[in-house]
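Chain by chain, the residues:
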Amino acid sequence: MITLNHYLIVSGMLFALGLAGVIARRNILIIYMCLEMMLSAANLTLVAFSRFRVVDGLPDYAAQSLVFFTITVAAAEVAVGLAIIVALYRAKQSVETESVTKLQG
Amino acid sequence: MPSILFYLFAAITLGFGLLVVTSHNPVTSALSLAASFVGLAALFLGLDAYFIGTIQILVYAGAVMVLFLFIIMLLDIKAEEGKKPNIPAAIGGIVLAVVMALQITTICSSFNMGNVQIKDAPLALTQAGESAKLPTIANDLKAGVLPDAKLMGLTLFQKYGFHLQVVGLLLLVGTVGVVVLSKREKGVKDA
């Protein structure tokens, strides 16, 4: 049967996948997608805990409100991040991390 | 949610997630991420979070992924063919991910509080309906339906009204920021 641990493990594996992508990939757009994946993994944890912690016969809606705020912030973050990527592409004609080495020293 | 559905949607989420990380073509990555988010939304629905599941599909799989695809096609990013992968970074990423997945699995297997099934934490809808103040929510609860969106709205506007306004301000600042960032500076030649 499915327990809370199942959800936590799925969430942890999704987070680990996103982390691997952020470290291993060079395309900034894909790094961004992996960041979104990590945020969603955290959301899954919150929703799972919310459902398994029953308050007054209902799921804990404080946790689900936090998920709502996370999704909103993530949407704003994506909009700004993609604008930065477009500005970067204009300056460098590339979206690879190797092309941005000005701060490397 | 029956176990088979849980495993199906978990497999969809993780499988397409793996495709996001491994695929060479950014368009494949973006579409796989959308599929992965749909699987995740199904997991949310299985956890009785209908509102969150719906906005996961609408906001993430809809709006955010369309924005990603739009940028990929606008910048005309080609698949990185013929390029060698960054071997040290790839090894580092895989090792870190495996270590982290193992760590989480180990912690979860000894986390006794996590050993509860959904039927061990049943929702008491009729009971909650007795104490619900709003008639529309009370009627739904007494009829044995979970009015998820109504309860979310109640929580957001009653308990987190200020936070909601701050998030609204954040979205406004984000919009202004995007306009400022994408505006071409005067005198700077676009290469």
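Per-chain numbering applies: the sequence of each chain, read as written, is numbered from 1 onward. Chains carry letters from A onward and ligands carry numbers from 1 onward, assigned in written order. The predicted nature of this model means local features are confined to residues of pLDDT at least 70 and side-chain atom pairs, given and counted, to a pLDDT of 80 or more, with totals for whole chains, interfaces and linings taken over all residues. Remark: hydrogens and water are excluded; side-chain values derive from all non-hydrogen atoms of the structure.

Novice: Could you clarify how one ought to interpret the overall build of chain A in this entry?
Specialist: Secondary structure counts use DSSP, requiring at least four H or I residues in a row for a helix and at least two E residues in a row for a strand, with both numbered from the N terminus. Per the secondary structure count, chain A includes three helices and two strands. We compute the radius of gyration over the C-alpha atoms and compare it with the globule rule, which gives 2.2 Å times the number of residues raised to the power 0.38. Whereas a compact globule of 105 residues would reach a radius of gyration of roughly 13 Å, chain A reaches 18 Å, over 25% beyond that. The buried label goes to any residue with under 20% of its type's maximum accessible area, the exposed label to any with over 50%, and the partly exposed label to all in between, with areas taken from a 1.4 Å probe on protein chains only. Across the 105 residues of chain A, 62% fall into the buried class. If you take every contact in chain A between residues at least 6 apart in sequence, the share linking residues at least 24 apart comes to 59%. Residue-level accessible areas treat just the shown protein chains as cover; the underlying method is Shrake-Rupley with a 1.4 Å probe. Summing over all exposed atoms, chain A offers an accessible surface of approximately 3800 Å²; the carbon and sulfur share of this is 68%. None of His or the chain ends enter the tally, which takes Lys and Arg as positive and Asp and Glu as negative. Every charge is mapped to an atom, namely NZ of Lys, CZ of Arg, CG of Asp or CD of Glu. Here chain A contributes 7 positive and 6 negative side-chain charges, whose respective centroids are spaced 9 Å apart. Residues count as neighbours in contact if any of their non-hydrogen atoms are within 4.5 Å of one another.

Novice: Would you take a moment to explain the side chain of A:Ser65 for this structure?
Specialist: Within the secondary structure, A:Ser65 is located in helix H3 (residues 61-92). Residue classification places A:Ser65 among the buried residues on the basis of a relative accessible area of 1%. In contact with A:Ser65, other than residues within four places in its own chain, are B:Met152, B:Thr155, B:Leu156 and B:Tyr160.

Novice: Which parts of the structure should I look at to understand the interface of chain A and chain B?
Specialist: How big an interface is tends to be reported as the loss of accessible area on association of its parts. With 73 residues of chain A in contact, the opposing surface of chain B contributes 90 residues. The contact between chain A and chain B buries some 7300 Å² in all, and 75% of this surface belongs to carbon and sulfur atoms. Of all residues in chain A, A:Met33, A:Arg51 and A:Arg90 bury the most surface against chain B, accounting for 10% of the area lost on that side. The salt bridge criterion pairs a side-chain nitrogen of Lys or Arg with a carboxyl oxygen of Asp or Glu, the two atoms within 4 Å. At the boundary of chain A with chain B, the tally comes to one salt bridge. Its salt-bridge partner being B:Asp48, residue A:Arg51 comes within 2.8 Å of it at the nearest N-O pair. Once two parts are joined, some of their accessible surface, as seen by a 1.4 Å probe, is lost; buried area is that loss totalled over both.

Novice: Would you mind going over the environment of A:Ala87 with me for this structure?
Specialist: All names here are of chain A. As for its placement among the helices and strands, alanine 87 is situated in helix H3. A relative accessible area of 27% places alanine 87 in the partly exposed class. Sequence separation between alanine 87 and isoleucine 31 is 56 residues; the distance between their C-alpha atoms is 17 Å.

Novice: How do you make sense of the packing of aromatic side chains when you look at a structure like this?
Specialist: We describe a pair of aromatic rings using the distance from one ring centre to the other and the angle between the two ring planes. Working definition: a ring pair exists when centres of Phe, Tyr or Trp rings (six-membered ring for Trp) sit within 6.5 Å. Plane angles under 30 degrees give stacked, over 60 give edge-to-face, the rest tilted. Within this structure, the stated rule accounts for seven aromatic pairs over all chains. Centre to centre, the rings of B:Phe6 and B:Tyr7 are 5.5 Å apart; their planes meet at 75 degrees, and the pair counts as edge-to-face. Residue classification places B:Tyr7 among the partly exposed residues on the basis of a relative accessible area of 45%. Three or more aromatic residues link up through ring pairs in this structure, and these residues are A:Tyr7, A:Phe52, B:Phe6 and B:Tyr7.

Novice: Even after reading the chapter, I still don't get H3(A), so can you show me in this structure?
Specialist: For an α-helix, the turn length of 3.6 residues means that residues three or four places apart are oriented alike. All names here are of chain A. Multiplying 1.5 Å by the helix residue count minus one yields the expected span of that helix. Spanning 32 residues, H3 covers 45 Å between terminal C-alpha atoms, matching the ideal 46 Å at 1.5 Å per step. Two N or O atoms count as a polar contact when they lie within 3.5 Å, although within protein this holds only if one can serve as hydrogen donor and the other as acceptor, and sequence-adjacent residues are included solely when both atoms are side-chain atoms. Between the side-chain oxygen at the start of H3 and the backbone nitrogen of alanine 62 there is a gap of 3.1 Å, and the oxygen is on aspartate 60. Once H3 ends, the next one or two residues include glutamine 93, with phi positive near 60 degrees.

Novice: How should helix H4 (residues 87-109) of chain B be read in this particular structure?
Specialist: For H4(B), built from 23 residues, the straight-helix expectation of 33 Å at 1.5 Å per residue is met to within 8% by its first-to-last C-alpha distance of 33 Å. Residues of H4(B) that are buried: B:Ala89, B:Gly93, B:Ala97, B:Met100, B:Ala101, B:Ile104 and B:Cys108. In this fold, the buried residues of H4(B) make contact with helix H1 (4-24) of chain A.

So far we have only geometry, and geometry alone does not tell us how the molecule works.
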